[in-house]
Amino acid sequence: EGRDVWVLINFDAANASTDYVPAVEALVDVDHWMRTFAMNDLASYWDAFGNPNSKNSFLYKPRHNRWQIFCWDFDVGLGVFNDPPTAALFDVSDPTIARMYRTPAFVRRYWAALLEATDTWFRIGGDSPIDRLLDSKYAAFQAQGIGLAHPGSIKTWIRGRRTFLLQQLAGV
């Protein structure tokens, strides 16, 4: 799993007692990771690396770049498994990621990504991007005769999650 690879490859940087931030930034694309973690937390996708289950992720090291993280199997979140819109942020048992979350130079990037999302596409109502996406996907399925539930419950969940996230952002 991703966590095991991360721990083995980056043990020294992740556990540095001095120069921790530059040591991690030399190996990890921290902006990419924090944006990925923020995206997962927007949707309460708890099944990925950086969240409680810490799996369903690929860690990738391009030849001339730093480690990146890519999630897959995005089948939970958005209230699918009765995830409350108020599901906690930073709910991680991995000590390496927990340390990143406690590091201001890293966690500021996480909060910035959450703010960007709540200010742009992660809102419901009017002609919002997520409304258009959900409605167009639903219409396409309907046009093909595929029956599925209306996305209203997802919209309600997103509205609640966004409210919770804005409350969290107000404190930072």
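Data block above holds the structure.
Residues numbered from 1 in each chain as written. Predicted model: local features only at pLDDT ≥ 70, side-chain atom pairs only at ≥ 80, totals over all residues. Heavy atoms only, no water.

A. Local environment of the packing of aromatic side chains. Evaluation of the coordinates by the stated rule reveals ten aromatic pairs. Centre to centre, the rings of Phe 37 and Tyr 101 are 5.7 Å apart; their planes meet at 65°, and the pair counts as edge-to-face. Here Phe 37, found in helix H4 (residues 30–42), pairs with Tyr 101, found in helix H5 (residues 95–101); they are 64 residues apart in sequence, far enough to count as distant. Ring centres of Trp 121 and Phe 122 lie 5.6 Å apart, and the angle between their planes is 85°; on these two criteria the pair is classed as edge-to-face. An aromatic cluster is present here, built from Trp 33, Phe 37, Phe 90, Tyr 101, Tyr 110 and Trp 111 joined pairwise through their rings. The ring of Tyr 20 carries the charged tip of Arg 99 above its face, separated from the ring centre by 3.7 Å. (Phe/Tyr/Trp six-rings, centres within 6.5 Å; stacked < 30°, edge-to-face > 60°. Helix = DSSP H or I, 4+ residues; strand = E, 2+ residues; numbered from the N terminus. Lys NZ or Arg CZ within 6 Å of the ring centre and 35° of its normal.)

B. Region of interest: the side chain of Thr 36. Take Thr 36: it is sitting in helix H4. By relative accessible area, Thr 36 is classed as buried at 13%. Residues within four places of Thr 36 in sequence aside, it is in contact with Ile 69 and Cys 71. (Buried < 20%, exposed > 50% of the residue type's maximum accessible area, 1.4 Å probe, protein only. Contact = heavy atoms within 4.5 Å.)

C. Quick look at the packing of helix H7 (residues 129–143) against helix H8 (residues 152–170). Across the interface, H7 lies against H8 with an axial gap of 11 Å and an inter-helix angle of 160°. Here H7 is positioned roughly antiparallel relative to H8, judged by the angle of their axes. Seen along the crossing, H7 lies across H8 with a hand that is right-handed. Contacts between H7 and H8 involve Ile 130, Asp 131, Leu 134 and Asp 135 from the first element and Ile 154, Lys 155 and Ile 158 from the second. Along the lines of polarity and charge, the residues of the contact of H7 with H8 split into four nonpolar, no polar and three charged. (Axes fitted to C-alpha atoms, helices over the stretch in contact; angles between N-to-C directions. Parallel < 35°, antiparallel > 145°, perpendicular 65-115°, else oblique. Left-handed = near helix turned anticlockwise from the far one by under 90°. Nonpolar A, V, L, I, M, F, W, Y, C, P; charged D, E, K, R; others polar.)

D. Molecular detail of the nonpolar core. Counting residues in hydrophobic clusters, the biggest one holds 35 residues, and the most contacted among them are Trp 33, Met 34, Phe 37, Ile 97, Met 100, Tyr 110 and Leu 114. Put simply, the parts of the chain that give this core at least two residues each are helix H3 (20–27), H4, H5, helix H6 (104–119), H7 and H8. In terms of residues, this core owes the most to one element, H6, which gives seven residues. If sequence neighbours within four positions are ignored, Ile 97 has contacts with Trp 33, Phe 37, Phe 49, Gly 50 and Val 92. (Core = buried A, V, L, I, M, F, W, Y, C linked by side-chain atoms within 4.5 Å.)

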